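Each chain is listed here by its residues.
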Amino acid sequence: MNFTWFASAYDTDDALYRVVTLVQITGVLILAAGVPRAFDDGDFSLAVIGYVVMRLALTFQWLRAAHGSADPAERRVARRYAAGLVLTQLGWIGMLFVPDALRGYVFVALMLAELAVPVVAERDWATHWHPHHIAERYGLFTLIVLGETIAGATIAVQQAVDGDGHGSLDGLVPLAAGGLLIVFCAWWIYFAVPIHEHLASNRQGFVWGYGHFLVFAAAAAIGAGVELAVEQTVGEAHISERAATAAVTVPAALFFLVVWLLHARHFKRTTVQQLTLPAGALAILLCTLAGSAGVPLAGVAAALTVAVGYTLSRRGARAAAA
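Please read all numbers here as calculations on a predicted model, not as lab measurements. (Residues numbered from 1 in each chain as written. Predicted model: local features only at pLDDT ≥ 70, side-chain atom pairs only at ≥ 80, totals over all residues. Heavy atoms only, no water.)

A. Quick look at the overall build of the protein chain. Each helix and strand in the protein chain was counted, giving eleven helices and one strand. Reading the helices (α) and strands (β) of the protein chain from amino to carboxyl end gives α-α-α-α-α-α-β-α-α-α-α-α. Dimensions of the protein chain, computed from the C-alpha atoms along their principal axes, are close to 65 × 60 × 35 Å. Each of the 322 residues in the protein chain was classed as buried or not, and the buried ones make up 42%. Per element, the accessible surface of the protein chain, about 16600 Å² overall, is 68% carbon and sulfur. The positive charge centre, built from 19 side chains, and the negative charge centre, built from 22, are 15 Å apart in the protein chain. (Helix = DSSP H or I, 4+ residues; strand = E, 2+ residues; numbered from the N terminus. Buried < 20%, exposed > 50% of the residue type's maximum accessible area, 1.4 Å probe, protein only. Areas by Shrake-Rupley, 256 points an atom, 1.4 Å probe, with all protein chains shown as cover. Lys, Arg positive; Asp, Glu negative; His and termini not counted. Charge placed at Lys NZ, Arg CZ, Asp CG, Glu CD.)

B. Just the packing of helix H1 (residues 2-10) against helix H3 (residues 45-68), in detail. Running from amino to carboxyl end, H1 crosses H3 at an angle of 25 degrees, the nearest separation of the two axes being 11 Å. Comparing the axis directions of H1 and H3 gives the class roughly parallel. For the pair H1 and H3, the sense of crossing is left-handed. Of the residues in H3, those touching H1 at Asn2, Phe6 and Tyr10 are Arg55, Leu58, Gln61, Trp62 and Ala65. Here the residues of the contact of H1 with H3 sort into five nonpolar, two polar and one charged. (Axes fitted to C-alpha atoms, helices over the stretch in contact; angles between N-to-C directions. Parallel < 35°, antiparallel > 145°, perpendicular 65-115°, else oblique. Left-handed = near helix turned anticlockwise from the far one by under 90°. Contact = heavy atoms within 4.5 Å. Nonpolar A, V, L, I, M, F, W, Y, C, P; charged D, E, K, R; others polar.)

C. Helix H2 (residues 15-41), seen in detail. Compared with the 39 Å implied by 1.5 Å per residue over 27 residues, the 40 Å span of H2 between its first and last C-alpha is a close match. Of all the bends in H2, the greatest reaches close to 30 degrees and is centred on Gly34; the proline Pro36 follows between one and four positions later. Within H2, burial applies to Tyr17, Val20, Thr21, Gln24, Gly27, Gly34 and Ala38. In this structure, the buried residues of H2 make contact with H1 and H3. Backbone geometry just downstream of H2 places Gly42 in the positive-phi region, at approximately 70 degrees. (Expected span 1.5 Å × (residues − 1). Bend = angle between axes of the 7 residues up to and from the residue.)

Note that all results are geometric; they support no functional claim without further evidence.
Structure, rendered in structure tokens:
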């Protein structure tokens, strides 16, 4: 996310910029390789190394921006970004030496510090960014996360079928169909409005950008929930049907609600239009009570929400034209 905003303001697309970007990508790959070890064994060393590689490359980009600017205010902001990134990376390295009992608290503190860097850096001068560029980058990342969600769910269903003969297909097909409907509807509502027209200031940009942490988390959690529901259906996850269903419906409802808060509500003209997505989120959440049928029902609820929203939008457009 930080790279997206930097690139919108300072993408020179010269050789050095591209090389440093490749270093950042390398850092991301190292971080990703360290995630399983961090979750399974509590060993964050490889993930932190990758993150430091990634962030120090971005620090270099900010120092380069400071060096190339003739505006003292702009140079000051770029140096604040660089200083903030360095300080937080020192914090992540220090976290490796903190006792396990305190590591969770330090992790949260450092996460908040990371989020505070752009706010502190731009408190008296705002970097220039292009709303259409920002909206496009965030949209592409949302699309990637939703695509990974479908891929993960597909693999889970395939493994379940291969490992259980074909006896579980009766339960898996409705589950997969419901999950697919939810993801399709999530894609639809996210891209239903041209949000770049709303991003007119740093204040709106910050709220919208930070709000995407919930969008990305919810989108990824839908896929993880479908995988868990598949495992529960074939007897590999020892949890209740309602809990497995909630693993899908809760993040799906959250996605609908957050997208309404960040996107859709700015373009709704009537009260009924405003209430469509929140009502859809509530309907999806209530499907949790249906147990094993909850995910297919949630898919239907999501599809009906999209259909109602689309119909109301078309009617509103025709009324405005008339």
